[in-house]
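Understanding the architecture of this molecule
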Amino acid sequence: MTPPIRGTEPQAPLTPAMFHVLLALAGEDLHGYAILKEVELRTGGEVKLSTGTLYGIIKRLLDDGLIAERRGRPATERDDERRRYYRLTAKGLEVASTEAARLEKIVALARSRRLLRKLRPA
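Anyway, here's the lowdown on the structure attached to this text. Within each chain, residues carry numbers counting from 1 in the order of the written sequence. A pLDDT threshold of at least 70 governs which residues receive local features in this predicted model, and a stricter bar of 80 or more applies before side-chain atom pairs are shown or counted, although totals over entire chains, interfaces and linings include all residues. Values reported for side chains reflect all heavy atoms of the structure, with hydrogen atoms and water molecules removed beforehand.

1. Points about the pattern of salt bridges
Side chains bearing opposite charge may pair, as long as their charged atoms lie close to each other. We count a salt bridge whenever a side-chain nitrogen from Lys or Arg sits within 4 Å of a carboxyl oxygen from Asp or Glu. In total, this model carries six salt bridges according to the counting rule given. Arg70 is the salt-bridge partner of Asp29, the closest N and O atoms lying 3.5 Å from each other. With a gap of 41 residues between them, Asp29 in the loop between helix H1 (16-27) and strand E1 (30-31) and Arg70 in the loop between strand E2 (67-69) and strand E3 (85-88) connect regions that are remote in the sequence. Using a 1.4 Å probe on the protein chains alone, a residue whose accessible area is under 20% of its type maximum counts as buried, one over 50% counts as exposed, and one in between counts as partly exposed. Look at Asp29 and you get partly exposed, because its relative accessible area is 28%. Using a relative accessible area of 21% as the deciding quantity, one classes Arg70 as partly exposed. Between Glu69 and Arg84 there is a salt bridge, and its shortest N-O distance comes to 4.0 Å. Here the residue Glu69 occupies a position in strand E2, and Arg84 occupies one in the loop between E2 and E3, the gap between them amounting to 15 residues. Helical segments are the DSSP runs of H or I of at least four residues, strand segments are the runs of E of at least two, and each set is numbered from the N terminus.

Structure below.
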C-alpha cells in the first residue's frame, strides 16, 4: 500500500481511506459521523470506516493542511455543539484532484488491458 501524504508532496498518492474522506468533504462541510455515513453511502457499503480510523485520518489531514475545522456553525436546529465540522482546504482540493487524475490514468490503463469493460454512452 502507498504511504499517506506527508509534508508538501501533493503528487504522492493518498491511502484509499484518506481519499474517501476528501471525497466526502468535496461535496460539503461535514462532522465526523456524517463523513462516516457519506463514505458508506457513496461506496454502497463497501467502505466502512471505524471511528478510530476516521479520527486518525482527520488528524493527519488537519496536520497536512488538507482539511480545516470550520469556524461557523450550521443553523441552530441542525447543530449539535459537541460536533466539529470539517471543510476541504484549497490544498486539499488540489491533492484530491491530483489523486483522482492519477486513479483515472490507472483505470484507463486497466481498460486498455481489457481488465475493465469500456464505458457505454448514456
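2. Focus: a nonpolar patch on the surface
Where nonpolar side chains cluster on the molecular surface, the patch consists of Val107, Leu115 and Leu116 and spans about 270 Å² of accessible area. Mapped onto the fold, Val107 is located in helix H4 (residues 90-112). Take Val107: its relative accessible area is 33%, and that puts it in the partly exposed class. Residues enter a patch when their relative accessible area is above 30% and they make no salt bridge; the linking distance is 9 Å between like charges and 5 Å between nonpolar side chains (Val, Leu, Ile, Met, Phe, Trp, Tyr). Per-residue accessibility takes into account occlusion by the displayed protein chains alone, with areas from the Shrake-Rupley method and a 1.4 Å probe.

3. Quick notes on the side chain of Thr43
Looking at the element boundaries, Thr43 is found in the loop between helix H2 (32-42) and helix H3 (51-63). Looking at Thr43, the relative accessible area reads 15%, which means it is buried. For this analysis, a polar contact is any N or O atom pair within 3.5 Å, provided that within protein one partner can donate a hydrogen and the other can accept it, and provided that sequence-adjacent residues contribute only side-chain to side-chain pairs. One polar contact links the side chain of Thr43 to the main-chain carbonyl oxygen of Glu40, over a distance of 3.4 Å. Within polar-contact distance, the side chain of Thr43 engages the backbone nitrogen of Val47 at 3.0 Å.

4. A look at the packing of aromatic side chains
Any two of the Phe, Tyr and Trp rings considered here, Trp counted by its six-membered ring, make a pair once their centres fall within 6.5 Å; the pair's planes then place it as stacked at under 30 degrees, edge-to-face at over 60, or tilted in between. This structure, assessed with the given rule, holds zero aromatic pairs. Sitting above the plane of the Tyr85 ring, Arg70 keeps its charged end 5.2 Å from the centroid. Both a distance and an angle decide whether a charge sits over a ring: NZ of Lys or CZ of Arg must be within 6 Å of the ring centre and within 35 degrees of the ring normal.

5. A closer look at the pairing of E3
Taken together, the two bridges between E1 and E3 define a ladder with antiparallel strand orientation. Opposite His31, over in E3, you have Tyr85 as the bridge partner. In this structure, E2 lies alongside E3, joined through three bridges in antiparallel fashion. Across the sheet, the residue bridging to Glu69 is Tyr86, located in E3. Two strands qualify as a pair provided that DSSP identifies no fewer than 2 bridges between them.

6. Considerations on the sheet that holds E1
Spatial ordering of the open sheet is given by E1-E3-E2, a layout of three strands whose pairing is antiparallel. Among the strands making up the open sheet, the edge pair consists of E1 and E2. With respect to the sheet, H3 is in contact with E2 and E3, its orientation differing from that of E2 by roughly 100°. The criterion used for residue contact is that any of the two residues' heavy atoms lie within 4.5 Å. With axes taken as lines fitted to C-alpha atoms, and helix axes fitted only over the stretch in contact, angles between N-to-C directions fall between 0 and 180 degrees.

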